[in-house]
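# Inside the fold
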Amino acid sequence: NEEGTEYAHTLAAELFYNCSSLQNVSLARGTVQIAPYAFYGCGSLTRLALPETLGMIGSYAFYACGFLEIELPAALHTLGTGAFSHSELTRIEL
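None of these values were measured; they are calculated from a predicted model.

## So, the confidence of the model for the protein
Residues of the protein with pLDDT of at least 70 account for 91%, and the chain-wide mean is 91. Every residue in residues 1-6 scores below 50 in pLDDT, and together they form two contacts with partners more than four places removed in sequence or on other chains.

In structure tokens, the structure reads:
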């Protein structure tokens, strides 16, 4: 961190809730949590890159999102209820 600069390590609940125009997300290294419902209903979200530091994905965080595949980081230890339910997922890489 640069002096005086704070970086978010947790994405807030409902941060992009029903954001229909969101298409591509690449989370910064150092992100450790995605709170519940953070990307809920982002049906146009087709590309998602998760950092190796991510340890927790909250409940319904990616509910009804449009991406087809995802690579989950090795550090992931908690996956909330329905995190990817009603999504277009066809492939998950662990």
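## Observations regarding unusual backbone geometry
Backbone geometry places N18, a non-glycine residue, at a positive phi of 55°. Along the chain, the position of N18 falls in the loop between strand 1 (10-11) and strand 2 (24-26). With a phi close to 55°, Y60 is a non-glycine residue in the positive phi region. Here Y60 is to be found in the loop between strand 5 (56-57) and strand 6 (69-71).

## Things to note about the side chain of T31
Within the secondary structure, T31 is located in the loop between strand 2 and strand 3 (33-34). Among the polar contacts made by the side chain of T31, one reaches the main-chain carbonyl oxygen of A28 at a distance of 2.8 Å.

Definitions and cut-offs
Residues numbered from 1 in each chain as written. Predicted model: local features only at pLDDT ≥ 70, side-chain atom pairs only at ≥ 80, totals over all residues. Heavy atoms only, no water. pLDDT = per-residue confidence, 0-100. Contact = heavy atoms within 4.5 Å. Helix = DSSP H or I, 4+ residues; strand = E, 2+ residues; numbered from the N terminus. Polar contact = N/O pair within 3.5 Å; in protein donor to acceptor, adjacent residues only side chain to side chain.

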